[in-house]
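Structural description and commentary
For reference, the chains in residue letters:
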Amino acid sequence: MRSWRDLARQYGLTTLPDSWREASQSLRHRKNIGYLETCNDLEEIYYTLIGNVFLQDIVCYHPEQVRTYWLEDLEQYVFITE
């Protein structure tokens, strides 16, 4: 995905804040997002999962609820469970 703004719009933010930090905080409080984390690489996502049994269960048993996006403008991954 090209921009964090595109991702924020995709998840329903109509008024966009000035930064991804503010947008991610708003997105974390939306009903359709269970978990949101910004990571530098896929390895960081892996280590996030290792330390969280709840997230492991979602990934294993409900993969349709898991999304990972590469945001070009931030050069980071966003891991989301819905």
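Small disclaimer: the values here were computed from a predicted structure and weren't measured. Here the residue numbers are simple positions, counted from 1 along each chain's written sequence. Given that the model is predicted, a residue must reach a pLDDT of at least 70 before its local features are reported, and side-chain atom pairs must reach 80 or more before they are shown or counted; all residues, however, enter totals for whole chains, interfaces and linings. Think of the side-chain values as coming from all heavy atoms in the structure, minus any hydrogens and water.

When helices and strands are counted, the chain shows 4 helices and 3 strands. Helices (α) and strands (β) of the chain occur, in sequence order from the N terminus, as α-α-β-α-α-β-β. Throughout, radius of gyration means the C-alpha value; the globule benchmark is 2.2 Å times the number of residues raised to the power 0.38. Here the chain has a C-alpha radius of gyration of 12 Å; the compact-globule value for 82 residues is 12 Å, and the two agree. Each of the three principal axes of the chain carries a C-alpha extent, and together these read 35 × 25 × 20 Å. Burial classification: accessible surface area is computed with a 1.4 Å probe over protein chains only, and a residue below 20% of its type maximum counts as buried, one above 50% as exposed, and the rest as partly exposed. Within the chain, the proportion of its 82 residues that are buried is 32%. What makes two residues a contact is simply this: any of their non-hydrogen atoms within 4.5 Å. For the chain, restricting intrachain contacts to residue pairs at least 6 apart in sequence, the fraction spanning at least 24 positions comes to 45%. To be clear on the numbers: accessible area is Shrake-Rupley with a 1.4 Å probe, and residue cover counts the displayed protein chains and nothing else. When the accessible area of the chain is evaluated, it comes to approximately 5,400 Å², of which 48% is carbon and sulfur surface. Of the side chains in the chain, 8 bear a positive and 13 a negative charge, and the two mean positions are spaced by 9 Å. A run of DSSP states H or I qualifies as a helix once it reaches four residues; a run of E qualifies as a strand once it reaches two. Both are numbered from the N-terminal end. Under the counting rule used here, the positive set is Lys and Arg, the negative set is Asp and Glu, and His together with the chain ends is not counted. Taken as the charge location is NZ of Lys, CZ of Arg, CG of Asp or CD of Glu.

Axis definition: a line fitted to C-alpha atoms, over the contacting stretch in the case of helices. Angles run 0 to 180 degrees between N-to-C directions. Packing of helix 3 (residues 42-50) against helix 4 (residues 53-61) brings their axes to within 7 Å, and their N-to-C directions diverge by 110°. Relative to helix 4, the element helix 3 is oriented roughly perpendicular. Only Leu-55, Gln-56 and Val-59 of helix 4 make contact with helix 3, whose side of the interface consists of Thr-48, Leu-49 and Ile-50. Three classes are used: nonpolar for Ala, Val, Leu, Ile, Met, Phe, Trp, Tyr, Cys and Pro, charged for Asp, Glu, Lys and Arg, and polar for all others, with Gly counted as polar. Of the residues in the contact of helix 3 with helix 4, the class split is 4 nonpolar, 2 polar and no charged. Should an angle fall under 35 degrees it is taken as roughly parallel, and over 145 as roughly antiparallel, whereas 65 to 115 is taken as roughly perpendicular and any remaining angle as oblique.

Turning next to the pattern of salt bridges. The term salt bridge refers to a pairing of a side-chain nitrogen on Lys or Arg with a carboxyl oxygen on Asp or Glu at a separation within 4 Å. What the rule picks out here adds up to 2 salt bridges. Between Arg-9 and Asp-6 there is a salt bridge, and its shortest N-O distance comes to 3.6 Å. One end of the pair, Arg-9, and the other, Asp-6, are both in helix 1 (residues 4-10), 3 residues apart, so they sit about a helical turn from each other. Here Arg-9 falls in the partly exposed class, since its relative accessible area comes to 48%.

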